[in-house]
Amino acid sequence: MEDTIVAIATSTAEAGIGIVRASGEKSIEIVKKIFVPFDKKNIDKSSNKIMKYGHIYDGDQIVDEVMVCFMFAPHTYTRENVVEIYTHGGIVCLKRVLELCLKNGCVMAEKGEFTKRAFLNGRLDLSQAESVIDLIKAKTNLAHKSAINQLEGHLSKKIKEFRSCIMDILTFVEYSINFTEDMQDDLPLDDTILKSENLLNDMKTLLESSNKGKILKNGINVSIIGKPNVGKSSILNRILKQERAIVTNIAGTTRDLINENIELCGINLSINDTAGIRETNDVVEKIGVQKSIEASENSDLNLVIFDISRSLDKEDEKIIKIANSKKSIGILNKIDIEKKLDVNKLKEKINFELLEISALENKGIENLENKISNMFFDGKLEAKDDVLITNIRHENSLKEAYKNLSLFLEDIKKNVPLDCCEVNLKLAYESLGEITGESISEDILDNIFSNFCIGK
Ligand SMILES: Nc1nc2c(ncn2[C@@H]2O[C@H](COP(=O)(O)OP(=O)(O)OP(=O)(O)O)[C@@H](O)[C@H]2O)c(=O)[nH]1
Ligand SMILES: [Mg+2]
């Protein structure tokens, strides 16, 4: 925290501008050594958060024409002195400016170090800091909205309410322990029981939001599986509304996984088109088939394609087995041509629903999309001002708090001495504190911020 850190804060791809950001006590002093403002005026607190136009120099050589924003502590992202240098985009300008900052006394920032400092200096709590990375990684408007809600502190507020409720209960319990040692049988514990029960209900509601929250943040992984030539790639192309995958009448056209993302009802679908699953001696195809099976096992949803113009065979049977063990939707494709498949016989073998489609004539695709959205979020998923759990770490801490509070309640109801009940109550309090970062170990902190990118 004593070092002044620096990093490239933007992508280094070709772009109009790029930003080098420095934070720490000496950041202003260091940048002043390499920046010459056009108006030649001294940079002091009167320049706080004002864009200054000028040049970055390496000795007497101009490195870039830039804008610089000097931000004085404490009203900055990290609560430290922060300087942002807006260079021209592209790798060379950014790297040269970065190197000059390093040469003049900055050290390279670690992943997420700016946000980590913001957390350690009290600018954000931990769940807010974590939402910053969710915001950067958001792929849909809903994921973005949910991350903004968390950044605005909606989750933190709820967790703080839970903690303060536990603190109330704890205060009463401790008071009772201290002042009524031999009179515990006569203690009025009804209120404590009621408060704990209500709190457990509220915690449960929040925990239940985690499925929705995870879908909202991470989207859904979907694999299109089936034997060769049933129309998997044709269906992918129809869903994407573009000719992404090669389609031919040769069985075994797709050999490797093809992955694409689309947005459905505000949710990101990561879709794999896979190689047709069949017995084969072809070395390359064999690897492809193995990848198809792995993809289907790792998916949240399988779209299992059957060719309605062919009878069921051994290969379909193998695929049915895979699909029955996962969340699946069956698709009868090629309904535009003569039907040979015995649908009733198929229905006896499967535990998922069937939809009819013609990928060739683009029929039934909308039905499929509606089916997916109904399956995962009752057709609607909104992030409004909902407080959602979107993060596994938060979910685990909340589960732990729930478990400990439940144990506390059980003990109280069984008239276990209060000083023994108290332990679980304290554990619940601690677990909730892990979410907002009030009680968190250094290792966990390092782990959280190592998922960030450099410069954030
Ligand atoms: N009549 C008809 N033909 C279709 C339909 N969907 C796909 N086909 C045809 O079926 C053949 C195979 O289609 P693909 O989409 O390549 O099938 P695939 O399942 O990806 O095949 P592999 O990649 O070999 O596993 C092509 O000739 C398509 O034009 C459909 O709905 N109706
Ligand atoms: Mg294919």
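See above for the structure.
This is a predicted model, so every value here is computed, not measured.

Engineer: Before we move on, could you go through unusual backbone geometry and cite the residues and values that matter?
Structural biologist: Ala73 connects to Pro74 through a cis peptide bond whose omega is 10°. Within the element layout of this structure, Pro74 appears in the loop between strand E5 (61-71) and strand E6 (82-88). Of note, Lys40 is a non-glycine position whose phi angle comes to about 60°, a positive value. Within the element layout of this structure, Lys40 appears in the loop between strand E3 (35-37) and strand E4 (51-58). Owing to a relative accessible area of 65%, Lys40 belongs among the exposed residues under this scheme.

Engineer: Would you mind going over the packing of helix H6 (residues 154-179) against helix H7 (residues 190-218) in detail, with residue names and values included?
Structural biologist: Closest axis-to-axis distance for the H6/H7 pair is 10 Å, and the angle between their directions is 160°. Compared by their axis directions, H6 and H7 come out roughly antiparallel. Both H6 and H7 take part in a crossing whose hand is left-handed. The residues of H7 that touch H6, namely those facing Leu155, Lys158, Ile159, Phe162, Cys165, Ile166, Asp168, Ile169 and Phe172, are Thr192, Lys195, Ser196, Leu199, Asp202, Met203 and Leu206.

Engineer: Give me the packing of H7 against helix H13 (residues 392-413): which residues, what numbers.
Structural biologist: Two elements in contact, H7 and H13, have axes whose closest approach is 10 Å; the angle formed by their N-to-C orientations is 155°. Classified by the angle their axes make, H7 and H13 are roughly antiparallel. Like other packed secondary-structure pairs, H7 and H13 cross with a definite hand, here left-handed. Judged by residue contacts, Thr192, Ile193, Ser196, Glu197, Leu199, Leu200, Met203, Lys204, Leu206, Leu207, Ser210 and Lys214 of H7 engage Ile392, Glu395, Leu398, Lys399, Ala401, Tyr402, Leu405, Ser406, Phe408, Leu409, Ile412 and Lys413 from H13.

Engineer: I'd like to hear about the nonpolar core, residue by residue, with values.
Structural biologist: Counting residues in each nonpolar core, the largest one holds 31 residues, and the members touching the most others are Leu303, Leu368 and Ile372. Only H7, strand E8 (220-225), helix H8 (232-240), strand E9 (258-264), strand E10 (267-273), strand E11 (301-307), strand E12 (328-333) and helix H12 (365-377) provide two or more residues apiece to this core. Within the second largest apolar cluster, 29 residues are counted, among which are Ile177, Ile193, Leu405 and Leu432.

Engineer: Can you tell me about the packing of aromatic side chains, naming the residues and giving the values?
Structural biologist: Throughout the structure, instances matching the rule amount to three aromatic pairs. Look at Phe38 and Tyr53: their rings are 5.5 Å apart centre to centre, the planes differ by 55°, and that puts the pair in the tilted class. Within this pair, whereas Phe38 is found in the loop between E3 and E4, its partner Tyr53 is found in strand E4, the two being separated by 15 residues in sequence. Both rings, one in Phe449 and one in Phe452, keep their centres 5.2 Å apart while their planes meet at 40°; by these two values the pair is tilted. Taking relative accessible area as the criterion, Phe449 reaches 2% and is therefore assigned buried. Under the relative-accessibility criterion, Phe452 is labelled buried at 3%. Seen from the ring of Phe114, Arg21 lies directly overhead, with NZ or CZ sitting 4.6 Å from the centre. Across from the ring centre of Phe376, 4.6 Å away, lies the NZ or CZ of Lys327, which sits over that ring.

Engineer: Kindly report on the site of ligand 1, identifying the contributing residues and their values.
Structural biologist: Taken together, 23 residues lie around ligand 1, and Lys232, Ser234, Gly252, Thr253 and Asp336 are the ones closest in. Contact distances for ligand 1 include 3.3 Å between an oxygen atom and a backbone N or O atom of Gly276. Between ligand 1 and Lys334 there is a distance of 3.1 Å, counted from an oxygen atom to a side-chain nitrogen or oxygen. Isolated, ligand 1 exposes 650 Å² of accessible area, and the fraction of that covered by the protein chains is 90%. No other element matches the three residues that H8 contributes to the shell around ligand 1. Of the residues assigned to the shell around ligand 1, the class counts are eight nonpolar, 12 polar and three charged.

Engineer: So, the coordination of the magnesium ion (ligand 2): which residues are in play, and what are the values?
Structural biologist: Distances from the magnesium ion (ligand 2) to its protein donors, namely Ser233 (OG) and Thr254 (OG1), fall within the range 2.0 Å. Placement of Ser233 in helix H8 and of Thr254 in the loop between H8 and E9 is noted, with a sequence separation of 21 residues between them. Taken individually, Ser233 and Thr254 each receive the classification buried, so the pair is uniform in this respect.

Engineer: An account of the sheet that holds E9 is requested, with residue identities and associated values reported.
Structural biologist: Spatially, E9-E10-E8-E11-E12-E13 is the arrangement adopted by the six strands of the open sheet, whose pairing is mixed. Strands with a single pairing partner mark the edges of an open sheet, and in this sheet they are E9 and strand E13 (353-356). Shown here is a sheet whose adjacent strand axes are inclined to one another by a mean of 25°, direction ignored. Pairing of E8 with E10 involves five bridges; the strand directions are parallel. Paired with Ile224 across the two strands is Asp273, which belongs to E10. Sitting on the sheet, H8 is in contact with E8, E9, E10, E11 and E12, with an inclination near 155° to E10.

Thresholds, definitions, all that
Residue positions are counted from 1 within each chain, in the order its sequence is given. The naming scheme follows written order: chains are lettered A onward, ligands numbered 1 onward. With the structure being a predicted model, the display of local features is reserved for residues of pLDDT at least 70 and the display and counting of side-chain atom pairs for 80 or more, all residues being used for whole-chain, interface and lining totals. Hydrogens and water molecules were not included; the side-chain quantities draw on all heavy atoms of the structure. The numbering of helices and of strands both runs from the N terminus, where a helix is a DSSP run of H or I of at least 4 residues and a strand a run of E of at least 2. Whether a residue is buried, partly exposed or exposed follows from its accessible area with a 1.4 Å probe, protein chains only, as a fraction of its type maximum: under 20%, in between, or over 50%, in that order. All axes are obtained by fitting lines to C-alpha atoms, using only the stretch in contact for helices, and the reported angles, taken between N-to-C directions, cover 0 to 180 degrees. Any angle between 65 and 115 degrees counts as roughly perpendicular, while under 35 counts as roughly parallel, over 145 as roughly antiparallel, and the rest as oblique. The crossing is said to be left-handed when, going from far helix to near helix, the turn is anticlockwise and less than a right angle, and right-handed when the turn is clockwise. Residues are treated as being in contact if the distance between any of their heavy atoms lies within 4.5 Å. Each nonpolar core is a collection of buried residues, namely Ala, Val, Leu, Ile, Met, Phe, Trp, Tyr and Cys, held together in the definition by side-chain atoms within 4.5 Å. Working definition: rings of Phe, Tyr and Trp (its six-membered ring) pair if their centres are within 6.5 Å, and the pair is stacked with planes under 30 degrees apart, edge-to-face with planes over 60 apart, and tilted otherwise. Remark: a charge is flagged as sitting over a ring if the NZ atom of Lys or the CZ atom of Arg is within 6 Å of the ring centre and within 35 degrees of the ring normal. Any residue with a non-hydrogen atom lying within 4 Å of a molecule or strand is treated as near it. Two N or O atoms count as a polar contact when they lie within 3.5 Å, although within protein this holds only if one can serve as hydrogen donor and the other as acceptor, and sequence-adjacent residues are included solely when both atoms are side-chain atoms. Working definition of accessibility: Shrake-Rupley area with a 1.4 Å probe, residue cover restricted to the visible protein chains. Note on residue categories: nonpolar means Ala, Val, Leu, Ile, Met, Phe, Trp, Tyr, Cys or Pro, charged means Asp, Glu, Lys or Arg, and polar means any other residue, Gly included. We call an atom a donor if it is N, O or S and sits within 2.8 Å of the metal, or 3.2 Å for Na, K and Ca. Water is not counted, so some sites may look partial. We treat two strands as partners when DSSP finds at least two bridges between them.

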